[in-house]
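Listed here are the chains, written in short residue letters.
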Amino acid sequence: MGSSTEDRGSSDQGLLVTWGCEDAPTHQAQTHMALARHAAELLRRRFGGRLEDAAGGDGAHYCIPRSTLFAENGAAVFGAAGPDPARFFGGWVPAGLLATKAIVHPLAPGETPPEGWPAGFAAAACDVALVGASAFTLKGAAQAGRRLLDRGPVRIKAVGASGGVGQFVARSQDELDRVLERAAEIGLLDGGLVLEEHLENVKTYSVGEVMLGDLHAAYVGTQDLTSNNAGEEVYGGSRLFVVRGGYPELLKLVPPEVAKLCAMAMRFDQLAERELGLVASRRNYDIIVGTDHAGEQRSAVLEQSWRVGGASPAELAALEVFDRDPARRHVIAASVERYGAAAVLPENARLYFHGTDAEVGPILKYASVQDAP
């Protein structure tokens, strides 16, 4: 699967570069580089390595940042040109806090709003979010947690955590106190905590939209869990139904119960543009479906991702199919992450990383595609 830039022709007018991945664990940094090389093929550009080593952010390059951009760091990518979704893969918001999990819920009782806190967004998004609160102090987190315990177990997570790590579930007041005290000790409260009702028997969906040059696609799919080298259950990949075009094209091809989940992501996305000033070429939303403490089925937007993520290898794999075959309207694409020395790359898959990472141990990451039914 895939082809080289030389095979397809490339342009030296505007390098494709990465930005901000030098401090990432090895497997993440190399995956990021592999994504950038794949994107360069699709854009017929020459991959120029890191922006930090190039001429600088003058707007001449197409960039794939590791994280969501914001006012304080965006100039490194855009220069004076300002955010233009045609020049980068990911998203931009005015402040870094707006790219975190914190914005999904209102502030905990008694909390002083951080600078730039989007109170209007949290209020407007409550109909597509779980009941919860965001806290930046131990007192605020404790008060929010006690209120949520009246509804059942409480999930607690750091606002910047990803991949299922940095999360805890408290089922009693004692457990809540222990989790919050530990979070304060190790500094998780410094960046903020999200506390929300915990669901059981969950399934997590991914809904998103990506634009890369003239290629445009939207998708819905499910996330897979796997065991890491420590035996913990973590993100194991995504399997996506991807359509050419945007959300309207996607809604025409999915069943009503899935369209409802897509509509929740679309509402969150529209609110982000209106209330936060989001500018993005890559939008991804996690939608949870599960059972609450009362036995009722619930669905909600868990969080947003306006940067390259776990589903991005699958996104680019689908875009490559659409690029090769202009008549193709939809495809199934998957990104897979597997741990352990026994993990094997399947035939016709595109490798993103295979090796031993100093932090997580042996890991294999790849993307594959198949025809959609």
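Look up: the structure comes first, before these words.
This is a predicted model, so every value here is computed, not measured.

How each quantity is defined
Residues numbered from 1 in each chain as written. Predicted model: local features only at pLDDT ≥ 70, side-chain atom pairs only at ≥ 80, totals over all residues. Heavy atoms only, no water. Axes fitted to C-alpha atoms, helices over the stretch in contact; angles between N-to-C directions. Helix = DSSP H or I, 4+ residues; strand = E, 2+ residues; numbered from the N terminus. Parallel < 35°, antiparallel > 145°, perpendicular 65-115°, else oblique. Left-handed = near helix turned anticlockwise from the far one by under 90°. Contact = heavy atoms within 4.5 Å. Nonpolar A, V, L, I, M, F, W, Y, C, P; charged D, E, K, R; others polar. Buried < 20%, exposed > 50% of the residue type's maximum accessible area, 1.4 Å probe, protein only. Core = buried A, V, L, I, M, F, W, Y, C linked by side-chain atoms within 4.5 Å. Salt bridge = Lys/Arg side-chain N within 4 Å of Asp/Glu carboxyl O.

Some details on the packing of helix α5 (residues 138–149) against helix α6 (residues 173–185)
Direction vectors running N to C along α5 and α6 enclose 155°, while the axes themselves pass 10 Å from each other. Overall, the two elements α5 and α6 adopt an arrangement that is roughly antiparallel. Crossing hand, α5 versus α6: right-handed. Mapping the contact onto sequence places L138, A141, A142, G145, R146 and L149 in α5 and Q173, L176, L180 and E181 in α6. Split by residue class, the contact of α5 with α6 holds 6 nonpolar, 2 polar and 2 charged.

Section: unusual backbone geometry
Positive phi outside glycine occurs at R44, with the angle close to 55°. Relative to the elements of secondary structure, R44 occurs in the loop between α2 (26–43) and β2 (45–50). Since its relative accessible area comes to 31%, R44 is described here as partly exposed. One non-glycine residue, N348, lies in positive phi territory at about 60°. Structurally, N348 can be placed in the loop between β16 (330–339) and β17 (350–357). Overall, N348 belongs to the exposed group, its relative accessible area being 63%.

Concerning the nonpolar core
One finds F121, V220, L250, F268, Y285, I287 and W306 to be the most contacted residues of the largest nonpolar core, which totals 37 residues. Within the residue set of this core, elements represented by two or more residues are α4 (119–124), β10 (200–212), β11 (215–227), β12 (233–244), α8 (247–251), α9 (256–276) and β14 (282–291). In terms of residue count, the dominant contributor to this core is α9 (11 residues).

Side note on the pattern of salt bridges
All told, the structure shown has 18 salt bridges when counted by the stated rule. With a closest N to O distance of 3.5 Å, D292 and R298 form a salt bridge. For D292, a relative accessible area of 15% puts it in the buried group. One network of salt bridges, in which partners are shared, links E41, E320, R324 and R350.

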